[in-house]
Amino acid sequence: MKRVSAIALGVALLVLAAAPGRGSDDKTGDALAKAKAKFEADMTKARAAAKVYFDGREKKARDKGDKKLVDVAKDERKAFDDHGVLAATGPKDLQRQVTAPRTAIEKAYTLAIKEYTKAKKDDLAAAADQE
């Protein structure tokens, strides 16, 4: 998940660098920047909650002495860290914490692409689509 956040941040910086003339009159870009900041903040909270969940799950498995459960917990943690994927067996609250920010940022990008296209700012629409 750290990799995805780093990539998202890098692409966001590239988009900002590619639009040097963009000032505060770009409401779409400002809204997208706010959405990105909220996404990062929400994902930071979700990653912290996931860490607590995985730590607790692994501790319970170790206390039972069940190596299979420890291995499953480790594999699920790795899948979450690498790909942001939470197993279906994970708590529903945690699943919502992980999926809600992603859904919100996808909607923000879709809206930004639409607005940039309407405003004939195809280069910005393409950059947002690339992200």
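Since the structure is predicted, the reported quantities are computational estimates derived from the model, not experimental observations.

1. Here's the deal with the packing of helix H4 (residues 92-118) against helix H5 (residues 122-130)
How two helices pack is summed up by the angle between their axes together with the distance between the axes.
In step 1: The interhelical angle for the contact between H4 and H5, taken along N-to-C directions, is 165 degrees, at an axis separation of 8 Å. Taken together, H4 and H5 sit at an angle that is classed as roughly antiparallel. Remark: the crossing between H4 and H5 carries left-handed chirality. Residues Tyr 109, Ile 113, Tyr 116 and Thr 117 of H4 form the contact with H5, whose own contacting residues are Asp 122, Leu 124, Ala 125, Ala 128 and Asp 129.
In step 2: A per-class count over the contact of H4 with H5 returns six nonpolar, one polar and two charged.

2. Points about the packing of helix H2 (residues 27-64) against H4
In step 1: The contact between H2 and H4 brings their axes to 9 Å, and the two run at 165 degrees. When the interaxial angle is binned, H2 and H4 end up roughly antiparallel. Of the two elements, H2 crosses H4, and the hand of that crossing is left-handed.
In step 2: By residue class, the composition of the contact of H2 with H4 is 16 nonpolar, three polar and five charged.

3. Structural notes on the environment of Ala 50
In step 1: Relative to the helices and strands, Ala 50 resides in helix H2.
In step 2: Ala 50 gets classed as buried once you look at its relative accessible area, which sits at 1%.
In step 3: Taking the C-alpha atoms as reference points, Ala 50 and Phe 80, separated by 30 residues in sequence, lie 8.3 Å from one another.
In step 4: Dropping the residues within four chain positions of it, Ala 50 is found in contact with Phe 80 and Leu 94.

4. Notes on the packing of aromatic side chains
In step 1: The final tally for this structure, using the stated rule, is two aromatic pairs.
In step 2: For the pair Phe 54 and Phe 80, a centre-to-centre distance of 6.0 Å together with 50 degrees between the ring planes defines the contact as tilted. In this pair, Phe 54 is assigned in helix H2 and Phe 80 in helix H3 (residues 67-83), connecting sequence segments 26 residues apart. Each member of the pair, Phe 54 together with Phe 80, is buried.

5. Topic: the nonpolar core
In step 1: In terms of nonpolar packing, the biggest core is built from 19 residues, with Phe 54, Phe 80 and Leu 94 touching the most fellow members.
In step 2: At the level of secondary structure, the elements contributing two or more residues to this core comprise H2, H4 and H5.

Rules and cut-offs
- Residues numbered from 1 in each chain as written.
- Predicted model: local features only at pLDDT ≥ 70, side-chain atom pairs only at ≥ 80, totals over all residues.
- Heavy atoms only, no water.
- Axes fitted to C-alpha atoms, helices over the stretch in contact; angles between N-to-C directions.
- Helix = DSSP H or I, 4+ residues; strand = E, 2+ residues; numbered from the N terminus.
- Parallel < 35°, antiparallel > 145°, perpendicular 65-115°, else oblique.
- Left-handed = near helix turned anticlockwise from the far one by under 90°.
- Contact = heavy atoms within 4.5 Å.
- Nonpolar A, V, L, I, M, F, W, Y, C, P; charged D, E, K, R; others polar.
- Buried < 20%, exposed > 50% of the residue type's maximum accessible area, 1.4 Å probe, protein only.
- Phe/Tyr/Trp six-rings, centres within 6.5 Å; stacked < 30°, edge-to-face > 60°.
- Core = buried A, V, L, I, M, F, W, Y, C linked by side-chain atoms within 4.5 Å.

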